[in-house]
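The lines below spell out each chain.
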Amino acid sequence: MAGKSSEATGRVVSIASVLGAAGARTAYEKLLLIREFENKVYDSFVAGLVQGTTHLCQGQEAVSVGTVMALRDDDYLTYTYRGHGPCIARGMDLEGAFAEIFGRSTGVSGGLGGSMHLTDMQLGLLGSFAIVGAGLPVAVGAGISARERGIGQVSMTWFGDGATNIGAFHESMNLAAVWKLPVIFVCENNLYGEYSPILSTTPMQDLVVRASAYAMPGVVVDGNDVVAVLDATRRAVARARAGDGPTFIECKTYRQCGHSRSDAGKYRPPGELDAWMERDPIVLFRNRLLAEGLLDKAGLAATEQRVREEVQAAAARAAEGPWPEVRPLHDATYAGTLTA
Ligand SMILES: Cc1ncc(C[n+]2csc(CCOP(=O)(O)OP(=O)(O)O)c2C)c(N)n1
Ligand SMILES: [Mg+2]
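Going along each chain's sequence as written, the residues are numbered from 1 onward. Each chain takes a letter, starting from A, and each ligand takes a number, starting from 1, following the order in which they are written. The predicted nature of this model means local features are confined to residues of pLDDT at least 70 and side-chain atom pairs, given and counted, to a pLDDT of 80 or more, with totals for whole chains, interfaces and linings taken over all residues.

Draft legend 1. Representation of the overall build of the chain within the structure. Under the DSSP-based scheme used, a helix requires at least four consecutive residues in state H or I and a strand at least two consecutive residues in state E, with every element numbered from the N terminus. Tallying secondary structure elements over the chain gives 13 helices and eight strands in all. C-alpha atoms of the chain, sized along the principal axes, occupy 60 × 50 × 45 Å. Across the 340 residues that make up the chain, the buried fraction comes to 50%. Field definition: a residue is buried when 20 or more other C-beta atoms are found within 10 Å of its C-beta, exposed when 12 or fewer are, and partly exposed for counts in between, with C-beta atoms placed from the backbone.

Structural data, given as structure tokens:
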């Protein structure tokens, strides 16, 4: 299991010093939004509303929130099939996200992509990638474009521990390092790739060593600590904006649910899930907010209620959306005209 943030990064960081009171409230709201959104996705799946499958990021929300909060509005993001977190943290329209997952034409990708293809170009959300590792070269491309534009934009890409065994990971890390591109590589090391424990597919558990193969700065952070993630990410983003090149951030974390909707996660050793549940990122942050006096119990409860209502209302509206027609599916697939 990951150590506390101070062990992982060598720094002790308080919420107040990194986020301030307003930022702390925003971070808590974003964490809750992602958790509630996915709870509703799960319920909707059981109710038969979800077209296709879903991959939940429950337990990994602090990675999404801590990294996205370090970004500017004009930065670029690529992520994976487990990509609800970065999208919601970035401010994706909730109704549009639900509608996409429900396969409705009012979805953010016209209802043609589902849970694994949430995009919004206005927010720099270039796409979730269902092919493991496929988002990294796209992020490097966005990094080249950012560098050419010369206004300090950065590109951030999220991927799992399993993706670090994919060729595209190594090519992307290499090119980004050689060309000193403004790319931040965020590895969500949740200890599993589908049903395989990391050490059965990868010769080491601490993936940060892979950054040194490309002479790239690497940092390990407690991925269940939103403050530690944000603190480390701000440094990486500052480096990138200053023209000093890419950084690899390994976030030690854990997915609390199975790989996808069809997986009950029974391959986990006894006690492992329980131990990680005690380090639930939302509970940890909630306790620290109280301890540092940044929100009282009434403030927390009001936030939780507001987020829950917002999510429920968005899902209800999304479920009323119309189904896509054939024409947009054709136009999104072929360059030519529909003749049949
Ligand atoms: C190139 C490729 N190989 C295999 C798969 C099947 N697959 C889907 S998810 C996954 C596991 C990836 O694990 P990891 O990168 O650790 O991400 P996590 O699911 O843990 O977030 C695999 C093997 C795929 N989608 N793409
Ligand atoms: Mg993994």
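So, next bit.
Draft legend 2. Structural context of the sheet that holds strand β8 (residues 247-252). Spatially, the six strands line up as an open sheet ordered β2-β1-β3-β4-β8-β7, and their pairing is parallel. Only two strands of the sheet have a single neighbouring strand rather than two, namely β2 (125-129) and β7 (218-222). Adjacent strand axes in the sheet meet at a mean angle of 15°, parallel and antiparallel pairs treated alike. Both β7 and β8 contribute to a ladder of five bridges, which runs parallel. Within the sheet, the bridge partner assigned to V220 lies in β8 and is E250. Between any two strands, at least two bridges found by DSSP are needed for them to pair. Angular values range over 0 to 180 degrees, each being the angle between N-to-C directions of two axes fitted as lines to C-alpha atoms, with helices fitted over their stretch in contact.

Draft legend 3. Summary view of the site of ligand 1. Around ligand 1, 14 residues are found, and the nearest of them are V132, G160, G162, A163 and G193. Among the residues making up the shell around ligand 1, the classes are represented as five nonpolar, five polar and four charged. We call a residue near a molecule or strand if the C-beta atom, set from the backbone, is within 6 Å of it. As a working rule, the residues Ala, Val, Leu, Ile, Met, Phe, Trp, Tyr, Cys and Pro are called nonpolar, Asp, Glu, Lys and Arg charged, and the rest polar, with Gly in that last group.

Draft legend 4. Structural view of helix α9 (residues 226-241). A helix's residues, less one, multiplied by 1.5 Å, set its expected span. Compared with an ideal rise of 1.5 Å per residue, which puts 16 residues at 22 Å, α9 spans 22 Å between its outermost C-alpha atoms and is within 8% of the ideal. One or two positions beyond α9, positive phi appears at G243, with a value near 85°.

Draft legend 5. Quick peek at the packing of helix α2 (residues 15-46) against helix α11 (residues 281-291). Contact geometry for α2 and α11: axes closest at 10 Å, N-to-C directions at 140°. The handedness of the crossing between α2 and α11 is left-handed. Residue-level contacts link I15, A24, Y28, L31, L32 and R35 of α2 to P281, I282, F285, R288 and L289 of α11. By the definition used in this description, the sense in which the near helix is turned from the far one sets the handedness, with an anticlockwise turn below a right angle giving left-handed and a clockwise turn giving right-handed. Once C-beta atoms are placed from the backbone, any two residues with those atoms within 7 Å are in contact.

Draft legend 6. Inspection of the nonpolar core at higher detail. In this structure, L31, A97, I184, V186, V226, V229 and I249 are the most contacted members of the largest nonpolar core, which totals 86 residues. The greatest single-element share of this core, amounting to twelve residues, is contributed by α2. When residues no more than four places from it in sequence are discounted, the contact partners of V226 are A27, L31, A62, V65, G66, P281 and F285. Counting five residues, the second largest nonpolar core, distinct from the first, contains L191, Y192, Y254 and W276. In plain words, the nonpolar core is the set of buried Ala, Val, Leu, Ile, Met, Phe, Trp, Tyr and Cys residues that C-beta atoms within 7 Å link up.

Draft legend 7. Molecular detail of the environment of L329. Summarising the element assignment, L329 is placed in helix α13 (residues 326-333). With residues up to four places along the chain from it excluded, the contact list for L329 reads L112 and P324.

Draft legend 8. The arrangement of the packing of α2 against helix α3 (residues 61-68) in detail. The N-to-C vectors of α2 and α3 enclose an angle of 135°; their axes lie 9 Å apart at closest approach. Regarding the angle of α2 to α3, the classification is oblique. Our pair here, α2 against α3, has a crossing hand that is right-handed. Residues A27, K30, L31, I34 and R35 of α2 form the contact with α3, whose participating residues are E61, A62, S64 and V65. Residues that form the contact of α2 with α3 fall into these classes: five nonpolar, one polar and three charged. Should an angle fall under 35 degrees it is taken as roughly parallel, and over 145 as roughly antiparallel, whereas 65 to 115 is taken as roughly perpendicular and any remaining angle as oblique.

Draft legend 9. Structural detail: the pairing of strand β1 (residues 76-80). Of all five residues in β1, five are buried, a share of seventy percent or more. With three bridges joining them, β1 and strand β3 (residues 155-160) adopt parallel strand pairing. Paired with T78 across the bridge in β3 is T157. Here β1 pairs with β2 via four bridges, running parallel. For Y79, the partnering residue across the bridge sits in β2 and is S128.

Draft legend 10. Region of the structure containing the confidence of the model for the chain. By definition, pLDDT measures how confident the predictor is in each residue, and it falls between 0 and 100. Averaged over the chain, the pLDDT score is 94; the fraction of residues at 70 or greater is 95%. Element-level mean pLDDT values for the chain span from 45 in helix α1 (residues 5-9) up to 99 in strand β4 (residues 183-189). For the stretch residues 1-7, pLDDT sits under 50, and the model shows 19 contacts to residues farther than four places along the chain or on other chains.

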